[in-house]
Amino acid sequence: AQTVTQSQPEMSVQEAETVTLSCTYDTSESDYYLFWYKQPPSRQMILVIRQEAYKQQNATENRFSVNFQKAAKSFSLKISDSQLGDAAMYFCAYRSRTSGSRLTFGEGTQLTVNP
Amino acid sequence: ETGVTQSPTHLIKTRGQQVTLRCSSQSGHNTVSWYQQALGQGPQFIFQYYREEENGRGNFPPRFSGLQFPNYSSELNVNALELDDSALYLCASSLGAGTPTDTQYFGPGTRLTVL
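As a starting point, this report considers the structure included with it. Just so it is clear, the model here is predicted, and its values are computed rather than measured. (Residues numbered from 1 in each chain as written. Chains lettered and ligands numbered in written order. Predicted model: local features only at pLDDT ≥ 70, side-chain atom pairs only at ≥ 80, totals over all residues. Heavy atoms only, no water.)

What to know about the interface of chain B and chain A
Reasoning step 1: Listed by partner, the interface residues are 32 residues for chain B and 20 residues for chain A.
Reasoning step 2: With both sides pooled, the region where chain B packs onto chain A buries about 1,900 Å², and carbon together with sulfur makes up 45% of that total.
Reasoning step 3: Scanning the region where chain B abuts chain A turns up zero salt bridges.
Reasoning step 4: Looking at the side of chain B that touches chain A, the elements with two or more residues in it are β4 (31–37), β5 (44–50), β9 (87–94) and β11 (110–114) of chain B.
Reasoning step 5: Residue composition of the side of chain B that touches chain A, grouped by class: 10 nonpolar, 19 polar and three charged. (Contact = heavy atoms within 4.5 Å. Buried area = accessible area lost by both parts, 1.4 Å probe. Salt bridge = Lys/Arg side-chain N within 4 Å of Asp/Glu carboxyl O. Helix = DSSP H or I, 4+ residues; strand = E, 2+ residues; numbered from the N terminus. Nonpolar A, V, L, I, M, F, W, Y, C, P; charged D, E, K, R; others polar.)

Written as structure tokens, this is what we have:
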């Protein structure tokens, strides 16, 4: 079974600075997808960014980018120019290519943005 | 485009009762997944429905059951409620049941409290 580990329960960053959230996963599969979701206090899970395992190029979405290291099974999220609205719980998630839409989530990292 | 909606927002039940939670999928989506998120934890996959058929199930007992309707909306039913069933229940819809472009979009959740 796949597992996802987020080793940082809490992180904080100053507004306008950069922060990196860590995620590692365990799988025996070679083809899969990785995601970062954001869950603000409103509770609604919002997709931040996704990465296909077969792509070597790291995904980027505006201020959000990932560092995908397939051999190390590492998938970190970098948030540049942090904004107050980035404050939320961030979840790393794994989806197998063969298990339908099922997502396996990590335990989450609570990000605080300080003004 | 209408997003994923869930009802009710909050629900309080007593141990042993039964509960039904509802989810309307995003317009055009044919797949619905349900997750249980205990306080301070990441979401856990309950099951998934694709075109009205269960298409994958997580490690949850049979008293957790579901339905998907022809319009792709869905229900989650939990019988014989236990105190540990207290959680946020998230519904996610997608188009494609695990195809490469499949991305899940989440609703705001239903907070269930079992007393």
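Resuming the write-up.
Observations regarding the sheet that holds strand β3 (residues 19–24) of chain B
Residues and elements named next belong to chain B.
Reasoning step 1: Taken in spatial order, the four strands of this open sheet run β1-β3-β8-β7, and their pairing is antiparallel. Two strands lie at the open edges of the sheet, namely β1 (5–7) and β7 (64–68), each paired on one side alone. Between one strand axis and the next, the sheet turns by 20 degrees as a mean value, whatever way the strands run.
Reasoning step 2: In terms of strand pairing, β3 meets strand β8 (residues 74–78) through five bridges, oriented antiparallel. Among the inter-strand pairings, arginine 22 is bridged to a residue of β8, identified as glutamate 75. (Pairing = 2+ DSSP bridges. Axes fitted to C-alpha atoms, helices over the stretch in contact; angles between N-to-C directions.)

Here's the deal with the side chain of B:Ser93
All names here are of chain B.
Reasoning step 1: Structurally, serine 93 is set in strand β9.
Reasoning step 2: A distance of 3.1 Å separates the side chain of serine 93 from the backbone nitrogen of glutamine 26, its partner in a polar contact.
Reasoning step 3: Here the side chain of serine 93 touches histidine 29 through a polar contact of 2.7 Å, side chain to side chain.
Reasoning step 4: Here serine 93 is in contact with Val4, Ser25, Gln26, His29, Thr31, Val32, Thr103, Gln104 and Tyr105, once residues within four sequence places are set aside. (Polar contact = N/O pair within 3.5 Å; in protein donor to acceptor, adjacent residues only side chain to side chain.)

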